[in-house]
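These are the residues of each chain, in order.
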Amino acid sequence: MDTKTTVISEAALQQQLQICDHIHAWWLTQNITPTAYVETYGCQQNEADSEKLRGYLIQCGYGIVKEAEGADVVIMNTCAIREHAEQRVFGNLGALTHTKRRHSRQKIFLCGCMAGETKVSDRIKKSYPHVDGVFSTHHLWQFPEILWKILSGSKRQFYIADEPGSIAEGIPQQRDSSLKSWVSIMYGCNNFCTYCIVPYVRGRERSRKKEDILAECRCLIENGSKEITLLGQNVNSYGKDLALGYDFSDLLAEIAQIPGDFLIRFMTSHPRDAGRKLFDTMASFPKIAKQLHLPFQSGSSRVLKAMNRHYDREKYLELVRYAKSVMPDLVLTSDVIVGFPGETEEEFEETVSLIQEVHYDSLFTFIFSPRTGTPAASMDDPTSKEEKNRRFDRLCNLQNAISEEIHRNYVGKCLRCLIDGTDDGLLTARTEGGRLVRLPGDKSLVGTFQNITITGSTTWSLTGQL
Ligand code: SAH
Ligand code: SF4
Ligand code: F3S
């Protein structure tokens, strides 16, 4: 297979922007201000992609609205990570037949990770005739061209070619928040964990040039952004494809030296490529949040091998020990899968004991979901659904107890937090470690860092006072 990254030329992107202007003018001649709705499923990568879709739509003259009813364009930016996520999308897509019937001008598109699966595009071709276009993540940069084809009366469009993936700089981006910003530093994944669909739908790992990333970060900070989250499926392998001897830690250190009052976060770190250099870099720069999302997936080395994770229980624990030794206040979160094919009761107990040993601040627990085309989907899986549910509940209860205890220990401490919004008459804030705090105060404080004394706690959040 060809694994070369396609870098979209400036001229090709300029052409897309010209189509945007053309669409804008086309609506103006009809005296219509069109509207668009983008629904986002899945992870932060999709959130960041939706910001680009909205950027393009605004350039095309669309006003962004908050529901599908009455919108001229509806885009479903989908997630394929688990069966349940896909079922939700198909359900909601079905319901759009009605919104389209009530608003015949409505054009419906499906994009994101599900659009990269042949079984999904086949099903849409056959059973969802009201969907006007499907485009995979590789083709997002061509959205204006796809939209114009549909508006000008062409037949349904399917931009779903299987390719290693591209990098397109210069797509306009309508950011959800001026305070907290996503910055994708790389796309795709090369790891092929045996349960995971991401490498199949998002293509090969490819890094943006550091100059482009730094310029984007500088611009965001100059415009008042207070929190930058660097995104990638495996940020620790940033730069490997560029072969410039410049890695993720080097990038972090350089961003941390941009003048201004802001915090840097990143996700996701893969334990395979995380190491001492990363943790030492985190420890040395105050602007890098002492927060780490380090998915372990299983506490059993046998299961980790079957998952193709390239680390074992010991190596994982050794990483965590080192990270905590250089960052005593580190907030550590993780992902875990229960019921991977063939996981025995003893292997599940190893997951339990790892959680007890590490003491995560919070944990995302998933029941294994077979994804068509991945190796794990055809592995022997004798464990019953009931048993998997039991294991799942056990992990949730264990983690809730740990989170509650950790949160209780915050009470009385004074922490520097970013006030990031309001909710139900209270201010909301995030600690450096990303924990949610609610507190009374004036909404003029939103967007500032403040010292907050923690006065109370629950399993999920903290309360405080300025
Ligand atoms: N790139 C990240 C993970 C992205 S997907 C990493 O490697 O850490 C987010 C989480 O979804 C994964 O960490 C995993 O716990 C879960 N996940 C992925 N595929 C899954 C599947 N088939 N069934 C259940 N959970 C899955
Ligand atoms: Fe999926 Fe593994 Fe890649 Fe994460 S590292 S996206 S779990 S294949
Ligand atoms: Fe889902 Fe795609 Fe993210 S599958 S989790 S939206 S990379």
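Residues numbered from 1 in each chain as written. Chains lettered and ligands numbered in written order. Predicted model: local features only at pLDDT ≥ 70, side-chain atom pairs only at ≥ 80, totals over all residues. Heavy atoms only, no water.

1. Here we look at the environment of Gly441
To be explicit about the condition: Secondary structure elements follow DSSP: runs of H or I no shorter than four residues count as helices, runs of E no shorter than two count as strands, and numbering proceeds from the N terminus. A 1.4 Å probe rolled over the protein chains alone gives each residue an accessible area, and that area as a share of the maximum for its type sets the label: buried under 20%, exposed over 50%, partly exposed in between.
Secondary-structure assignment places Gly441 in the loop between strand 19 (436–439) and strand 20 (449–457). By relative accessible area, Gly441 is classed as partly exposed at 40%. On a C-alpha basis, the gap between Gly441 and Leu426 in space is 6.8 Å, while along the polypeptide they are 15 residues apart.

2. Considering the site of ligand 2
Condition: One heavy atom within 4 Å of a molecule or strand makes the whole residue count as near it. Polar here means any residue outside two lists: the nonpolar Ala, Val, Leu, Ile, Met, Phe, Trp, Tyr, Cys and Pro, and the charged Asp, Glu, Lys and Arg; Gly therefore counts as polar.
Inspection of the region around ligand 2 gives Cys189, Asn191, Phe192, Cys193, Tyr195, Cys196, Val198, Pro199, Gln233, His270 and Arg309 as its neighbouring residues. Within the shell around ligand 2, the residues separate by chemical class into seven nonpolar, three polar and one charged.

3. Focus: the nonpolar core
The condition is simple: Buried Ala, Val, Leu, Ile, Met, Phe, Trp, Tyr and Cys residues form a nonpolar core when they are joined through side-chain atoms within 4.5 Å. Two residues qualify as a contact provided that any one of their heavy atoms is within 4.5 Å of a heavy atom in the partner residue.
Membership of the largest hydrophobic core comes to 79 residues, with the highest contact counts inside it found for Ile185, Leu230, Phe248, Ile255, Phe266 and Phe279. Other than its neighbours up to four places away in sequence, Phe266 contacts Thr229, Leu230, Val235, Phe248, Leu252, Leu278, Met282, Ile288 and Leu292. Ranked by size, the runner-up nonpolar core spans 31 residues in total, among them Ala12, Cys60, Tyr62 and Leu151.

4. Structural notes on the sheet that holds strand 5 (residues 107–112)
Within a sheet, each strand pairs with its neighbour through backbone hydrogen bonds, oriented either parallel or antiparallel. Let me state the cut-off plainly: When DSSP finds at least two bridges between two strands, those strands are taken to pair. Every axis corresponds to a line fitted to the C-alpha atoms, with the helix fit spanning only the stretch in contact, and the corresponding angles, defined between N-to-C directions, vary from 0 to 180 degrees.
With parallel pairing, six strands are arranged side by side in an open sheet as 3-2-4-5-6-7. Bordering the open sheet on either side are strand 3 (63–64) and strand 7 (157–159), each of which pairs with just one other strand. Pairing of strand 5 with strand 6 (residues 133–135), which is carried by three bridges, proceeds in the parallel orientation. Among the inter-strand pairings, Leu110 is bridged to a residue of strand 6, identified as Val134. The sheet strands contacting helix 3 (residues 83–102) are strand 2 (35–40), strand 4 (73–78) and strand 5, and the helix crosses strand 4 at an angle near 175°.

5. A look at the sheet that holds strand 18 (residues 426–431)
An order of 17-18-19-21-20 is seen for the five strands of this closed barrel, with the pairing classed as mixed. Ignoring which end each strand starts from, the neighbouring axes of this sheet average 55° apart. As defined by bridge partners, strand 17 (residues 414–423) adjoins strand 20 across five bridges and the pair is classed as antiparallel. Each bridged residue has a counterpart across the sheet, and for Leu418 the counterpart in strand 20 is Phe449.

6. Quick notes on the packing of aromatic side chains
Our working definition: Pairing of aromatic side chains requires ring centres within 6.5 Å, counting the rings of Phe and Tyr and the six-membered ring of Trp. Pairs whose planes differ by under 30 degrees are stacked, by over 60 edge-to-face, and all others tilted.
Applying the stated criterion to the full structure yields 13 aromatic pairs. Between the aromatic rings of Tyr195 and Phe340, the centroid separation amounts to 6.4 Å while the plane-to-plane angle is 85°, which identifies the pairing as edge-to-face. On the criterion of sequence distance, the pair formed by Tyr195 in the loop between strand 10 (186–187) and helix 6 (198–202) and Phe340 in the loop between strand 15 (331–338) and helix 12 (345–358) is long-range, its members being 145 residues apart. By relative accessible area, which is 11% here, Tyr195 ends up buried. For Phe340, a relative accessible area of 0% translates into the label buried. Between Phe248 and Phe266, the aromatic rings sit 5.1 Å apart at their centres with planes inclined by 75°, giving edge-to-face as the arrangement. Linking Phe248 in helix 8 (residues 248–256) with Phe266 in strand 13 (residues 263–267), this pair joins segments that are 18 residues apart in sequence. Classification of Phe248 by relative accessible area gives buried; the value is 1%.

7. Section: the domain arrangement of the protein
Put simply, the rule reads: Domain segmentation is taken from an automatic or database assignment of domains. Accessible area that two parts lose when put together, with a 1.4 Å probe and added across both, is what the buried area reports. Throughout this description, the term salt bridge denotes a Lys or Arg side-chain nitrogen within 4 Å of a carboxyl oxygen of Asp or Glu.
The domain architecture assigned to the protein consists of domain 1 (5–166), domain 2 (177–289), domain 3 (291–408) and domain 4 (414–465). A straight line from the C-alpha centre of domain 1 to that of domain 2 covers 27 Å. Contacts between the two partners involve 21 residues from domain 1, matched on the other side by 16 residues from domain 2. The junction of domain 1 with domain 2 conceals about 1600 Å² of combined surface from both sides, 52% of it contributed by carbon and sulfur atoms. Our count for the domain 1 to domain 2 interface comes out at one salt bridge. Arg202 is the salt-bridge partner of Asp49, the closest N and O atoms lying 3.2 Å from each other.

8. Considering the pairing of strand 16 (residues 362–367)
Test applied: Classification remark: right-handed applies to a crossover when, strands pointing away from the viewer, the course from the first strand over the helix to the second runs clockwise.
Bridge count between strand 15 and strand 16: six bridges; the pairing is parallel. Directly across from Ile337, in strand 16, lies its bridge partner Phe366. For the handedness criterion, the β-α-β arrangement of strand 15, helix 12 and strand 16 is classed as right-handed.

9. Some thoughts on the side chain of Thr374
Here is the rule: Definition of a polar contact: a pair of N or O atoms within 3.5 Å, with one able to donate and the other able to accept a hydrogen when the atoms are protein atoms, and with sequence-neighbouring residues admitted only if both atoms are side-chain atoms.
Relative to the helices and strands, Thr374 resides in the loop between strand 16 and helix 13 (385–408). Owing to a relative accessible area of 4%, Thr374 belongs among the buried residues under this scheme. Only 2.7 Å separates the side chain of Thr374 from the backbone oxygen of Arg371, close enough to count as a polar contact.

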